[in-house]
Amino acid sequence: MTPLLQVEGIAKMYGARIGCTDVSFDLYPGEVMGIVGESGSGKSTLLNCLAGHLQPDAGAVRFDTRAEGLRDTVTMSEPERRMLSRTDWAFVHQHARDGLRMNVSAGGNVGERLMAVNARHYGDIRDKAIDWLGRVEISADRIDDRPTAFSGGMQQRLQIARNLVTGPRLVFMDEPTGGLDVSVQAQVLDLLDDVQEKFGIAMLFITHDLRVAAQICDEVLVMQKGVVVEHGPAGEVLAAPRHDYTRNLIEAAPGRHWDFANFRALDRTTPATGATL
């Protein structure tokens, strides 16, 4: 199978400080890759290099385009990369406010991405917006409400709808559950898991929380000080880590005992009664 994304030797420096260095991996269609590590480990730098938000100092990021096969997005023209980010790629921020227009209605936020790919019929745009709001469990009667009237979890779900409405094949997730309460976090993870299974979307998922990685990721890439120290199937890495840094991350993680043998079927924290996103 041809990789959807082929990363080779990506490096980014901030003066004498390493942002990330010599990162290579393949991501396949429908696969969820977790990039984990402490704050300052280089995971966000790496994600932003891969998503085209930062220019790497070295390396290639090859994406399997629909028309031309694998192409290096690092050397793409800026207009080509912008179009890719509107169609086959999407980026979900940790803080939904960074990924939404807060003074535009919920329906307008979803509709804007459709208009960016040349949708013009108002009725069709509104119908598709209502459909996607429903998919992320936002009631159709909230379509004209602004995100400022939504809870944090609802804002995050709206950001997900805005990004997925154009049918991307790859979604960059920058700690999308990091700022949410535990019960709300569990609901958002359930939503992402469901959407990923239904639509076969590949994801690059940044998190510092190994419980999140265990629940949603197929593969895990562990970073320390800009360097990949461990990479492999999530079940293997989390059940039998080979690197001391990975073992320390697992030992420091809060929560009850984990069943790593069945890591994709772990019990997620039961939402509190009446909890809403």
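Residues numbered from 1 in each chain as written. Predicted model: local features only at pLDDT ≥ 70, side-chain atom pairs only at ≥ 80, totals over all residues. Heavy atoms only, no water.

Caption draft 1: Spatial organisation of the confidence of the model for the chain. The predicted model of the chain averages 89 in pLDDT, with 91% of residues at 70 or higher. Here helix H7 (residues 182-199) stands out as the least confident element of the chain, with mean pLDDT 86; strand S1 (residues 5-14) is the most confident, with 98. Segment residues 264-277: pLDDT under 50, and 31 contacts once partners within four positions in sequence are set aside and those in other chains are kept. (pLDDT = per-residue confidence, 0-100. Helix = DSSP H or I, 4+ residues; strand = E, 2+ residues; numbered from the N terminus. Contact = heavy atoms within 4.5 Å.)

Caption draft 2: Focus on the layout of surface pockets. When its volume is computed, the largest pocket comes out at roughly 510 Å³. The wall of the largest pocket is formed by 22 residues, among which Ser85, Arg86, Phe91, Arg113 and Asn163 lie closest to the centre. Listing elements by their share of the lining of the largest pocket, those giving two or more residues are helix H2 (78-86), strand S6 (89-92), helix H3 (96-99), helix H4 (106-116) and helix H6 (152-164). (1 Å grid on protein atoms, 1.4 Å probe; cavity = no way out; pocket = protein on both sides within 12 Å on 5 of 7 lines; lining within 4 Å. Points joined across faces, edges and corners; volume = space filled by probe spheres on them.)

Caption draft 3: Main features of the sheet that holds strand S8 (residues 202-207). With mixed pairing, 6 strands are arranged side by side in an open sheet as S6-S7-S8-S3-S9-S10. On the outer flanks of this sheet lie S6 and strand S10 (227-233), each paired with one strand and no other. Strand-to-strand twist across the sheet, computed as the mean angle between neighbouring axes with direction ignored, equals 15°. Inspection of the sheet shows strand S3 (residues 32-36) paired to S8 by 5 bridges, in the parallel sense. Within the sheet, the bridge partner assigned to Val32 lies in S8 and is Met203. The strands that helix H1 (residues 43-50) touches are S3, S6, strand S7 (170-174), S8 and strand S9 (219-224); relative to S8, the one it contacts most, it runs at about 150°. Strand contacts of H6: S6 and S7, with the helix running at about 170° to S6, the strand carrying the most contacts. (Pairing = 2+ DSSP bridges. Axes fitted to C-alpha atoms, helices over the stretch in contact; angles between N-to-C directions.)

Caption draft 4: View of the packing of aromatic side chains. Taken as a whole and assessed by the stated rule, the structure comprises 4 aromatic pairs. Pairing Phe63 with Trp89 gives two aromatic rings, centres 5.6 Å apart and planes at 85°, and the pair type is edge-to-face. One end of the pair, Phe63, is in strand S4 (residues 58-65); the other, Trp89, is in strand S6, with 26 residues separating them in the sequence. In this pair, the class of Phe63 matches that of Trp89, namely buried. (Phe/Tyr/Trp six-rings, centres within 6.5 Å; stacked < 30°, edge-to-face > 60°. Buried < 20%, exposed > 50% of the residue type's maximum accessible area, 1.4 Å probe, protein only.)

Caption draft 5: Geometry of the packing of H6 against H7. The contact between H6 and H7 brings their axes to 10 Å, and the two run at 15°. On the basis of their axis angle, the class for H6 and H7 is roughly parallel. For the element pair H6 and H7, the recorded crossing hand is right-handed. On H7, the residues touching Gly153, Arg157, Ile160 and Leu164 of H6 are Val184, Val188, Leu191, Leu192 and Val195. Residue classes in the contact of H6 with H7 are distributed as 7 nonpolar, 1 polar and 1 charged. (Parallel < 35°, antiparallel > 145°, perpendicular 65-115°, else oblique. Left-handed = near helix turned anticlockwise from the far one by under 90°. Nonpolar A, V, L, I, M, F, W, Y, C, P; charged D, E, K, R; others polar.)

Caption draft 6: Representation of the nonpolar core within the structure. By size, the foremost hydrophobic cluster in this structure holds 50 residues, and its most contacted members are Leu158, Ile160, Val171, Leu192, Phe205, Ile216 and Val220. Ranked by residue count, the leading element in this core is H7, at 6 residues. The residues contacting Val171, other than those within four sequence positions of it, are Ala90, Val92, Leu164, Ile201, Ala202, Met203 and Leu204. In terms of nonpolar packing, the next biggest core, distinct from the first, is built from 29 residues, Leu5, Met33, Phe91 and Ala202 among them. (Core = buried A, V, L, I, M, F, W, Y, C linked by side-chain atoms within 4.5 Å.)

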